[in-house]
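Coordinates in review
Residue-level listing of the chains:
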Amino acid sequence: MFYQVYPRSFADSDGDGVGDLGGIRDKLGYLELLGVDAIWVCPVLRSPMVDGGYDVADPRDIDETFGGLAAMDELIRQAHLRGIRVVMDLVPNHTSDQHPWFTAAMAAAPGGDERARYLFRDGRGPEGAQPPNNWPSIFGGPAWTRVTEPDGTPGQWYLHIFAPEQPDLNWDNPEVAADFERTLRFWLDRGVDGFRLDVAHGMAKPDGLPDMAQVSTTLLVNDDNDPRFNNPRVHEIHRGIRRVLDEYPEAVTIGEVWVDDNVRFGEYVRPDELHMAFNFRLAEAPFAAEPLRAAVENSIAAVTSVGAAPTWTLSNHDIEREVTRYGGGREGLDRARAMILLELALPGAVFLYNGSELGLPNVNDLPEHVLRDPVWERSGHTERGRDGCRVPIPWEGGAPPFGFSPDTEGGGAASWLPIPASWAELTVEAQLEELDSTLSLYRMAIELRGARPEFAGDQIEWYTSPPGALVFGRPGGLVCALNASPEPVALPPGDVLLSSAPRTGALLAPNSAAWVV
Ligand code: GLC
């Protein structure tokens, strides 16, 4: 049971309106109460924060915004005292344009060692004025930016699959792999329990950087034939990372792998590669029986042939929150509550994104001037980007910032994204003692999953179910039923251990799920 912390938005200990490591440390008691085994902390490395920290200027230091290295050491120490493991987020595909390697590359002439750590190329067409290929950036616009050479002339281009401030590294250069190994060891030796690896299906690029057959104009999506990702040579990189991790047998890697095909997905979690990889099928499935069943089946099938554990996630810092995805309002919340029971009934690792346990919706009406996701600018203000799922957590009290930042008698900084006043009823404080709150549902579900023998076994079995519903069982004896139809359906026989909606006799209400033993 992993809990994903988006540190900017979790808890602010120093009152600057931005969450930090001290804030996470102060909330460890809450995380222990929730029952999580580990936290995955999104990047806290030194960064100019163009992409929320996924633009890393020094991978072996903690940004002062988050409290510096001492705050990380303290978080690890205190988390371990509570039996909570700490997974950091590393970004192997690219660096910040403020990384010393990139500033050196910009200051050097073409063709030298400094540029060979990135993907600098001459442009096409007269005077090299056209980008070297037709790749778009995931955040909009071309994936290439032209530089001005040290002598003042228009010069080469460099590749950035994401923002121009995130130049892609050249993993064919052994210096890049060696430096990444240093970073892994640096954090493992400081007591970190593992890593979430950003864009783990990136890194390796096809020889010659050929044009894409079809240039996709949709932002923030991946497809299996996209030459920017999932190049077979990436597996050699993962084997190298695994050789280091194997010297730290307690540590884990989890890759962000946006690959649909089950066989190709499974390749990332072969015994000598990543330990786990995020499977996003469940997050991508609509709330309907058939697609949910297909998502579950495929997620399991993708990893069982290589002997890895499945992973489950309903949302993260890049995806619209599930309450909103499932329709918003009471219906969206009911469905999200049903889905957490489905998810926690499955074998494998579950990743819960901070705020899901409070049933937070996406905030889709943030004022334009506060939007920070580079997608907003890069799309020419046509895509609002991902800020709506990154609004700070409401902890307590009746008005924003709801204890996210310390109370400074009206003088404190506003939270970096404003928290809707309507979240007063969604605060941790408001939900903690309410038995039917979403937070209580999560707490009970996590506790039962960890304690009950019925959850044993790493397989599931599908049972016949009424139309629009799903029923599956675990070998230990747990049965999970979810009703995605508009009518109540019969509950499977047995005792109800937990249900996501108030019980109505032997019926399972629409948009709800139950565990039966
Ligand atoms: C991953 C991260 C996302 C980031 C991107 C570039 O997809 O999850 O937040 O913008 O990589 O690093």
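Residues numbered from 1 in each chain as written. Predicted model: local features only at pLDDT ≥ 70, side-chain atom pairs only at ≥ 80, totals over all residues. Heavy atoms only, no water.

**Topic: the overall build of the chain**
Counting its secondary structure elements, the chain contains 15 helices and 20 strands. Whereas a compact globule of 517 residues would reach a radius of gyration of roughly 24 Å, the chain reaches 23 Å, a difference of no more than 12%. If you line up the chain on its principal axes, its C-alpha atoms span 80 × 55 × 45 Å. Relative to its 517 residues, the chain shows a buried fraction of 58%. Intrachain contacts of the chain at a sequence separation of at least 6 include 66% that bridge at least 24 residues. Carbon and sulfur atoms make up 51% of the accessible area of the chain, which amounts to about 19900 Å² in all. (Helix = DSSP H or I, 4+ residues; strand = E, 2+ residues; numbered from the N terminus. Rg over C-alpha atoms; globule rule 2.2 N^0.38 Å. Buried < 20%, exposed > 50% of the residue type's maximum accessible area, 1.4 Å probe, protein only. Contact = heavy atoms within 4.5 Å. Areas by Shrake-Rupley, 256 points an atom, 1.4 Å probe, with all protein chains shown as cover.)

**Here's the deal with a negative patch on the surface**
There is a patch of like negative charges on the surface, built from Asp223, Asp260, Asp261 and Glu284. Overall, the relative accessible area of 42% leaves aspartate 260 in the partly exposed class. (Patch = residues over 30% accessible without salt bridge, like charges linked within 9 Å, V, L, I, M, F, W, Y side chains within 5 Å. Salt bridge = Lys/Arg side-chain N within 4 Å of Asp/Glu carboxyl O. Lys, Arg positive; Asp, Glu negative; His and termini not counted. Charge placed at Lys NZ, Arg CZ, Asp CG, Glu CD.)

**Some thoughts on the sheet that holds strand β5 (residues 85-90)**
The 8 strands lie next to each other as β11-β10-β9-β5-β2-β1-β13-β12, forming an open sheet whose pairing is parallel. Because the sheet does not close on itself, it has two edges, and the strands there are β11 (276-278) and β12 (311-313). Strand-to-strand twist of the sheet, defined as the mean angle between neighbouring strand axes without regard to direction, takes the value 25°. Relative to strand β13 (residues 349-353), strand β1 (residues 2-5) runs parallel, the two sharing 3 bridges. Each bridged residue has a counterpart across the sheet, and for glutamine 4 the counterpart in β13 is tyrosine 353. Here helix α4 (residues 68-81) sits on the sheet in contact with β2 (38-41) and β5, set at roughly 145° to β5. (Pairing = 2+ DSSP bridges. Axes fitted to C-alpha atoms, helices over the stretch in contact; angles between N-to-C directions.)

**Notes on the site of the ligand**
Contacts to the ligand come from 14 residues, most closely from Asp51, Asp198, Glu256, His317 and Asp318. Contacts to the ligand include aspartate 51, whose side-chain N or O atom sits 2.6 Å from an oxygen atom. Glutamate 256 has a polar side-chain atom sitting 2.8 Å from an oxygen atom of the ligand. Relative to its free-state accessible area of 310 Å², the ligand is covered by the protein chains to the extent of 96%. (Near = heavy atom within 4 Å. Polar contact = N/O pair within 3.5 Å; in protein donor to acceptor, adjacent residues only side chain to side chain.)

**Looking at the pattern of salt bridges**
If you walk through the whole model with that rule in mind, you get 33 salt bridges. Between glutamate 32 and arginine 82 there is a salt bridge whose closest N-O contact spans 2.7 Å. Note that glutamate 32 is positioned in helix α3 (residues 28-34) and arginine 82 in the loop between α4 and β5, a separation of 50 residues in sequence. For aspartate 334, the salt bridge is made with arginine 330, and the minimal N-O distance between the two is 2.7 Å. Residue aspartate 334 and its partner arginine 330 are located together in helix α12 (residues 329-344), separated by 4 residues, close to a single helical turn. Residue aspartate 334 is classed as partly exposed on the basis of its relative accessible area, which comes to 22%. It is possible to trace a salt-bridge network through shared partners that takes in Asp51, Asp318, Asp373, Arg386 and Arg390.

**Description of helix α10 (residues 289-304)**
The terminal C-alpha atoms of α10, which comprises 16 residues, lie 23 Å apart, in line with the 22 Å expected from a rise of 1.5 Å per residue. Those residues of α10 that sit buried are Ala289, Leu292, Ala295, Val296, Ser299, Ile300, Ala302 and Val303. (Expected span 1.5 Å × (residues − 1).)

**A short note on the packing of aromatic side chains**
Evaluation of the coordinates by the stated rule reveals 19 aromatic pairs. For the ring pair tryptophan 40 and phenylalanine 278, a centre distance of 5.1 Å and an interplane angle of 40° mean the geometry is tilted. Taken together, the positions of tryptophan 40 in strand β2 and phenylalanine 278 in strand β11 put the pair 238 residues apart, joining distant regions of the chain. Here tryptophan 40 matches phenylalanine 278 in class, with each residue buried. Considering the side-chain rings of phenylalanine 120 and tyrosine 158, the 5.9 Å spacing of their centres and the 50° angle between planes classify their relative orientation as tilted. Taken together, the residues span a long stretch of sequence, with phenylalanine 120 in strand β6 (residues 120-121) and tyrosine 158 in strand β8 (residues 154-159) at a distance of 38 residues. The pair phenylalanine 120 / tyrosine 158 is uniform in exposure class, with both members buried. The side chain of arginine 8 reaches across the aromatic face of tryptophan 416, ending 4.6 Å from its centre. It is arginine 325 that lies over the ring of tyrosine 326; its NZ or CZ is 5.3 Å from the centre. (Phe/Tyr/Trp six-rings, centres within 6.5 Å; stacked < 30°, edge-to-face > 60°. Lys NZ or Arg CZ within 6 Å of the ring centre and 35° of its normal.)

**Quick notes on the domain arrangement of the chain**
Under the domain assignment used here, the chain contains domain 1 (2-95 + 174-432), domain 2 (100-159) and domain 3 (459-516). Taking only C-alpha atoms, the centre of domain 1 and the centre of domain 3 are 30 Å apart. The partner domain 3 presents 21 residues to the 21 residues of domain 1 that form the contact. Carbon and sulfur atoms make up 73% of the surface buried where domain 1 meets domain 3, a total of about 1700 Å² over both sides. Summed over the shared surface of domain 1 and domain 3, the result is 0 salt bridges. Counting across the domain 1 and domain 3 interface gives 6 residue pairs in polar contact (both at pLDDT 80 or more). Mapped onto the side of domain 1 that touches domain 3, the elements with two or more residues apiece are α10 and α12. (Domains from an automatic or database assignment. Buried area = accessible area lost by both parts, 1.4 Å probe.)

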